[in-house]
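# Chains, contacts and geometry: an overview
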Amino acid sequence: MMENYQTPRGTQDLLPETTRKWQKVEDLIRNLCDVYGYEEIRTPVFEDTRVFKRENDSSDMVNKEMYTFSVHGEDSLTLRPEGTAGVVRSFVQHKMYGRLEMPAKLYYMGEMFRYERPQKGRYRQFNQFGIENIGMKSPLIDAEVIALGYSIVKALGLSQVKVLINTLGDDASRTAYRGALREHFKDSVGELCADCQRRYEQNPLRLLDCKVDSEHPSMQNVPSLQQYLTPESKDYFDQVLAALDALEIPYEIDDKLVRGLDYYTHTVFEVVSTHPESGSQATVFAGGRYDGLVEYFGGPQMSGVGFAMGLERLMILAEAEEVALGEEESLDVYVMALGQVGTLPLELATQCRAAGYHTEFNIQPRSLKAQFKSVDRRKAKVAVIAGESEAANHQVNVKFIDQQRQITIDQDELITTLDAYFQQEGEEQA
Ligand code: HAM
């Protein structure tokens, strides 16, 4: 017997009533990207594993969550757990730093894969919309990047969000801070989870990100990175904040925010929902600046900044905040069939569609009443009725539903008749 197959754990089917809403949101995002001058980039869903797994990376994403495989003994490949690494790889591979006016402003939308414990808002296959602004370093760009993400959330009508921001400073700031953290945790590290013990050695900044030990007494009064910032790093951060103030984007400084990925330097941010239904997976979009990635991939010393937005989370919040999205579209035309009219309904529907009208036609023989029910259910504005006797004279009946008016015309007048009707209707609505 055939098994009842289901979607794999942590994945989901998006059915038409859902994809309709997604498309609305995707359109809104693409429009705003266009306004901000970002252009789409599409990179492969899998990459050489080393694109993601950089030497001595301490993040959970790289160490525990990657779908890594090798086929026929070829080099190890990994399904992308995020978009940034692939985009920067591509930026370098295609020498975009030479060709384009800087900065390169790129956006992407697509599936990402992480082996995580699934729950609401957290999946093993999920979709990110992300942007990367690569090639220049300025606090104004950091603020501009946050402004784009923020304007998407606002344009969608979400009101209950807040921006958390922090700086990780430059290399010197972080080196000093890592030393301070090692000192702070040196007596308690033995009581922390196995991951934290690894993090203590590898990158103590990651300790602040631990979900298991967040309540451990040693997590209280942790030294703040702010105290270890070099004057240049502090000045850079102040300028980012001043730019956000100028744009009237409200934020909270969260000096424990370190983010889960290793490549960040200077500004990091997370935009979280404060809606009660967002639960534990409340981060809608998150990102920051990265100074070393372009060089890692063999490019020049160039900095970048970006964020990624979880589209599933965005949709959950849109629903929670009751944002109206993508109602089922009504039909322009429904072509009915009465008697032996052969392929005529399909031909008429094809003509209407070629003229751009959203059209369906009756397929199996049904009563007039049943067909009018379809007209009603699909909210068709015009019913085109292909009847046997009219067809013999190359004619067809057209009924304008809202006017309860029916006319008989030559078949070759159909499109001009529809054009006249819909043009008039459009003018009345304007
Ligand atoms: P991230 O914080 O790992 O950053 O992910 C960004 C967003 O993707 C999260 O805030 C969340 O909305 C969504 N997300 C992450 N994991 C899942 C999951 N398992 N299920 C559903 N949604 C999820 C990055 O990925 C960086 N590449 C962002 C970036 C771009 N930084 C610089 N440029």
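Everything quoted here is computed from the prediction, not taken from an experiment. In this numbering scheme, every chain counts its residues from 1 along its sequence in written order. Local features are withheld for residues below a pLDDT of 70 in this predicted model, meaning they are given only at 70 or higher, and side-chain atom pairs are given and counted only at 80 or more; totals for whole chains, interfaces and linings count all residues. Where side-chain values are given, they derive from all heavy atoms of the structure, hydrogens and water being excluded.

## Focus: the site of the ligand
Only heavy atoms are used to decide nearness, and a residue is near a molecule or strand if one of them lies within 4 Å of it. The environment of the ligand is made up of 25 residues, and the closest members are Glu-82, Thr-84, Glu-116, Tyr-123 and Tyr-264. Each polar contact in these results corresponds to two N or O atoms within 3.5 Å; when the atoms are within protein, one needs to be able to donate a hydrogen and the other to accept it, and residues that are neighboring in sequence are counted only if both atoms are side-chain atoms. Contact between the ligand and Glu-82: a nitrogen atom at 2.4 Å from a side-chain N or O atom of the residue. In this description a helix means any DSSP run of H or I spanning at least four residues, a strand means any run of E spanning at least two, and both kinds are numbered starting from the N terminus. If one sorts the elements of the shell around the ligand by residue count, strand β10 (residues 283-290) sits on top with 6 residues. In this classification, Asp, Glu, Lys and Arg are treated as charged, Ala, Val, Leu, Ile, Met, Phe, Trp, Tyr, Cys and Pro as nonpolar, and every other residue, Gly included, as polar. Grouping the amino acids of the shell around the ligand by side-chain chemistry returns 10 nonpolar, 8 polar and 7 charged.

## Let's talk about the pairing of strand β9 (residues 265-273)
For every residue, the accessible area (1.4 Å probe, protein chains only) is compared with the maximum for its type, and the residue is labelled buried under 20%, exposed over 50%, or partly exposed between those bounds. Counting buried residues along β9, 9 of its 9 residues qualify, which places the element largely inside the surrounding structure. Looking at chain direction, strand β7 (residues 161-167) and β9 are connected through 7 bridges and run antiparallel. Residue pairing in the sheet places Val-161 in a bridge with Ser-273 of β9. Across 6 bridges, β9 lies against β10 in antiparallel orientation. What sits directly across from Phe-269, in β10, is Gly-287. Strands are treated as partners if at least two bridges between them are detected by DSSP.

## Focus on the side chain of Thr-43
By the element assignment, Thr-43 lies in the loop between β1 (39-40) and β2 (46-48). Residue classification places Thr-43 among the buried residues on the basis of a relative accessible area of 17%.

## Points about the environment of Val-92
Considering the arrangement of structural elements, one finds Val-92 in helix α4 (residues 84-93). Taking the relative accessible area as the measure of exposure, Val-92 reaches 9% and is therefore buried. Separated by 285 residues in the primary sequence, Val-92 and Arg-377 have C-alpha atoms spaced 54 Å apart. Contacts are residue-level and defined by heavy atoms, with any inter-residue pair within 4.5 Å sufficient. With residues up to four places along the chain from it excluded, the contact list for Val-92 reads Tyr-97, Val-294, Phe-297, Gly-298 and Gly-299.

## Quick word on the sheet that holds strand β13 (residues 359-361)
Spatial ordering of the open sheet is given by β13-β12-β14-β15-β16, a layout of 5 strands whose pairing is mixed. Only two strands of the sheet have a single partner each, and these edge strands are β13 and β16 (405-410). Strand-to-strand twist in this sheet, taken as the mean axis angle between neighbours without regard to direction, amounts to 25°. Strand direction decides the pairing type here: strand β12 (residues 333-338) and strand β14 (residues 382-387), joined by 6 bridges, are parallel. An axis is simply a line fitted to the C-alpha atoms; with a helix, the fit covers only the stretch in contact. Between two such axes, the angle follows the N-to-C directions and lies from 0 to 180 degrees.

## What to know about the nonpolar core
Residues Phe-91, Ile-134 and Phe-185 are the most contacted members of the largest nonpolar core, which totals 51 residues. Ranked by residue count, the leading element in this core is α4, at 5 residues. Among residues more than four places away in sequence, those in contact with Phe-91 are Met-96, Tyr-97, Met-102, Ala-104, Ile-134, Val-294 and Met-302. To qualify as a nonpolar core, a set must consist of buried Ala, Val, Leu, Ile, Met, Phe, Trp, Tyr and Cys residues joined through side-chain atoms within 4.5 Å.

## What about a positive patch on the surface?
Nonpolar side chains (Val, Leu, Ile, Met, Phe, Trp, Tyr) within 5 Å and like charges within 9 Å form the patches, drawn only from residues with over 30% relative accessible area and no salt bridge. Residue-level accessible areas treat just the shown protein chains as cover; the underlying method is Shrake-Rupley with a 1.4 Å probe. Here, a salt bridge means any Lys or Arg side-chain nitrogen found within 4 Å of an Asp or Glu carboxyl oxygen. Charge counting treats Lys and Arg as positive and Asp and Glu as negative, with His and both chain ends excluded. By convention, the point assigned to a charge is CZ for Arg, NZ for Lys, CD for Glu and CG for Asp. A cluster of basic residues, Arg-366, Lys-369, Lys-373 and Arg-377, forms a positive patch at the surface. When you line up the elements, Lys-373 lands in helix α13 (residues 368-377).

## Some details on the domain arrangement of the chain
Taken domain by domain, the chain consists of domain 1 (16-170 + 230-321) and domain 2 (331-429). In this entry, domain limits derive from an automatic or database-based domain assignment. For domain 1 versus domain 2, the distance between C-alpha centres works out to 48 Å.

## Points about the UniProt feature "binding site: L-histidine" (unreviewed entry) in the chain
Cross-referencing UniProt, the feature "binding site: L-histidine" (unreviewed entry) maps to Glu-82, Gly-83, Thr-84, Arg-114, Gln-128, Glu-132, Arg-259, Tyr-263 and Tyr-264 in the present numbering. In this fold, Tyr-263 is placed in the loop between β8 (251-253) and β9. When near neighbours in sequence (up to four residues on either side) are disregarded, Tyr-263 contacts Arg-54, Glu-82, Thr-84, Arg-289, Tyr-290, Asp-291 and Leu-293. Topologically, Tyr-264 is positioned in the loop between β8 and β9. UniProt positions are given in the numbering used here, feature names are shortened, and annotations may be inferred rather than shown by experiment.

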